[in-house]
Amino acid sequence: MRILYLHQHFQKKTGATRSYELSKYFLRRGHHVTLITGTGKSEQTEEGVQVLSTATNYSQKMSKGRRILAFGHFMLGSFWKGLTRKKMDIIYATSTPLTVGLVGLLLSKVKRIPFVFEVRDVWPDVPVKLGYITNPLLIRALILIEKMIYNGASEIIALSPAMKARIVSKGIGAEKITVIENMANSEWVAAIEARPPEDEVLQQWMKNRFVIVHPGTMGEVNGLQHLLTVASDMKAFASIGFLLIGEGSEKATLEQQVETLQLENVKIIGSMPKENLFSLMKQCDMGAMSVKNERILWDNSANKFFDFLAVGLPVVLNYQGWQHTILQDSGAGRGFLYHDTVGYCQFLQDMVRDEQSYKKSRLASKRLSERYDVQLLAGRASCLLEQILERKK
């Protein structure tokens, strides 16, 4: 099987990115993978993935207009590169943005081959609900494009049960949608040594503290103001600390608030290589998932949730939904409504005080990671593609 894989923001060799792990698995099954991306350079990876880059300039810090231009640049560049690839059997396009799916649909029509659309965020619902897209004409156009992509796809892959339900509510048949969540790469994580941080100041700060870690983007959507509110409410519990790792548009504001509120129990540091991040996470005690107070964000399937499980960290959420249900049923953590900071704080205090419950929660997290093992889920994705081609014969 020759797969044409479209992913605008592809990253390789990080040990926890979905597209890279899927590509490697497809290769091990004897398939050929050509991946068109907007990042990096055109090359062939050590594993044999043929990467074609459109060299699209893109950053989360760009204005809305510049982002739209970047999406257009990738759309045109990827369509042209896709046209030049001969003898492809199937197209696998992963969002966001929605325009990646449109490229996949157009290429499938031209090449007369099946097209699989992977939905990582339900567009345009998310940006519309968050107020990022307000123009009525643009919204109608995006809804039309979305419906065209769903109808034109041979199969749709949703990254959470809640995403599938949202797509079904748009009139798409449930039988056309397969849920394949993000992945926990436990084997890769297990090989990383847990080392104390090289930064001696951070090392001292973490010493004798129960550390709740939030790695990743510090943007508006991530709602990290919530963690600072919790930290402020827990000033009296100095043995509990909150470690925020990463970059983003809200980082400077968060740092200023930490200083203004004199939150000694909060530490904010910059992003780091994935191996170093996982080594540091192994020195922490709990993972935090945070989003702003918007119901639609409960449907997310962010990588960090599965990273926490791979490390074996209990998880605390400032939202509910499908992840909360899984955590509560398994004993691997809990979710709280955004404004329930009292319950959130009490849960953290209980975890610190009750060592037996905490140990059970860690074991439950590790067991839960087996349900989302990278080999298991990549195998399901590979079998799905093979079934599509079988049906075409």
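Residues numbered from 1 in each chain as written. Predicted model: local features only at pLDDT ≥ 70, side-chain atom pairs only at ≥ 80, totals over all residues. Heavy atoms only, no water.

Visitor: Teacher, can you tell me more about the UniProt feature "domain: Glycosyl transferase family" (unreviewed entry) in the protein here?
Guide: Mapped onto this numbering, the UniProt entry gives "domain: Glycosyl transferase family" (unreviewed entry) at residues 206-327. Taken end to end, residues 206-327 comprises 35% helix and 19% strand; its first and last C-alpha atoms sit 26 Å apart. (UniProt positions renumbered as here; feature names shortened; annotations may be inferred. Helix = DSSP H or I, 4+ residues; strand = E, 2+ residues; numbered from the N terminus.)

Visitor: How should the pairing of strand β1 (residues 2-6) be read in this particular structure?
Guide: One face of the sheet, then the other: side chains in a regular strand alternate in exactly this way. Burial analysis of β1 places 4 of its 5 residues in the buried class, which makes it a mostly covered element. Bridge count for β1 against strand β2 (residues 32-37) is 5 bridges, and the pairing is parallel. Residue pairing in the sheet places Leu6 in a bridge with Ile36 of β2. One ladder, built from 4 bridges, connects β1 with strand β5 (residues 90-94); its direction is parallel. (Buried < 20%, exposed > 50% of the residue type's maximum accessible area, 1.4 Å probe, protein only. Pairing = 2+ DSSP bridges.)

Visitor: Whenever I open this one, the side chain of Lys292 confuses me. Can you help?
Guide: Examined against the element boundaries, Lys292 turns out to sit in the loop between β12 (286-289) and α12 (303-311). Polar contacts involving the side chain of Lys292 include one to the side chain of Glu220, which spans 2.9 Å. Those residues within four positions of Lys292 in sequence are excluded, and the remaining contacts are Leu130, Glu220, Val221, Asn222, Gly223, Leu297 and Tyr338. (Polar contact = N/O pair within 3.5 Å; in protein donor to acceptor, adjacent residues only side chain to side chain. Contact = heavy atoms within 4.5 Å.)

Visitor: Help me out: how do you make sense of the sheet that holds strand β13 (residues 315-317) in this one?
Guide: Spatial ordering of the open sheet is given by β11-β10-β9-β12-β13-β14, a layout of 6 strands whose pairing is parallel. Each end of this open sheet is capped by a strand with a single partner; those strands are β11 (266-269) and β14 (333-335). Averaged over all neighbouring strand pairs, the angle between strand axes comes to 20°, with direction disregarded. Taken together, the 6 bridges between strand β9 (residues 210-215) and strand β10 (residues 240-245) define a ladder with parallel strand orientation. Looking across to β10, one finds that Phe210 is bridged to Ile240. Its contacts with the sheet place helix α10 (residues 251-260) against β10 and β11, and it is angled at close to 150° to β11. (Axes fitted to C-alpha atoms, helices over the stretch in contact; angles between N-to-C directions.)

Visitor: Explanation requested: the sheet that holds strand β7 (residues 155-158) in the structure shown.
Guide: What links the strands of a sheet is backbone hydrogen bonding, and the strands pair in either a parallel or an antiparallel sense. Strand order in the open sheet made by the 8 strands is β3-β4-β2-β1-β5-β6-β7-β8, with mixed pairing throughout. Among the strands making up the open sheet, the edge pair consists of β3 (43-44) and β8 (177-179). Lying on the sheet, helix α1 (residues 18-28) is in contact with β1, β2, β5, β6 (115-119) and β7; it crosses β1 at an angle near 175°.

Visitor: Would you take a moment to explain the nonpolar core for this structure?
Guide: Within soluble globular proteins, side chains that are nonpolar tend to cluster in buried spots. Membership of the largest hydrophobic core comes to 68 residues, with the highest contact counts inside it found for Leu243 and Tyr372. Looking at this core, the element that brings in the most residues is helix α16 (residues 374-392), giving 8 residues. Not counting residues within four places of it along the chain, the set of residues in contact with Tyr372 comprises Glu181, Asn182, Met183, Ala184, Phe306, Leu309, Trp322, Ile326 and Leu377. (Core = buried A, V, L, I, M, F, W, Y, C linked by side-chain atoms within 4.5 Å.)

Visitor: Before we go on, may I ask you to explain the packing of aromatic side chains in this structure?
Guide: Where two aromatic rings form a pair, the distance of their centres and the angle of their planes describe that pair. As enumerated under the stated definition, the model contains 12 aromatic pairs in all. Considering the side-chain rings of Phe115 and Phe117, the 6.1 Å spacing of their centres and the 40° angle between planes classify their relative orientation as tilted. Residue Phe115 shares its accessibility class with Phe117, and that shared class is buried. (Phe/Tyr/Trp six-rings, centres within 6.5 Å; stacked < 30°, edge-to-face > 60°.)

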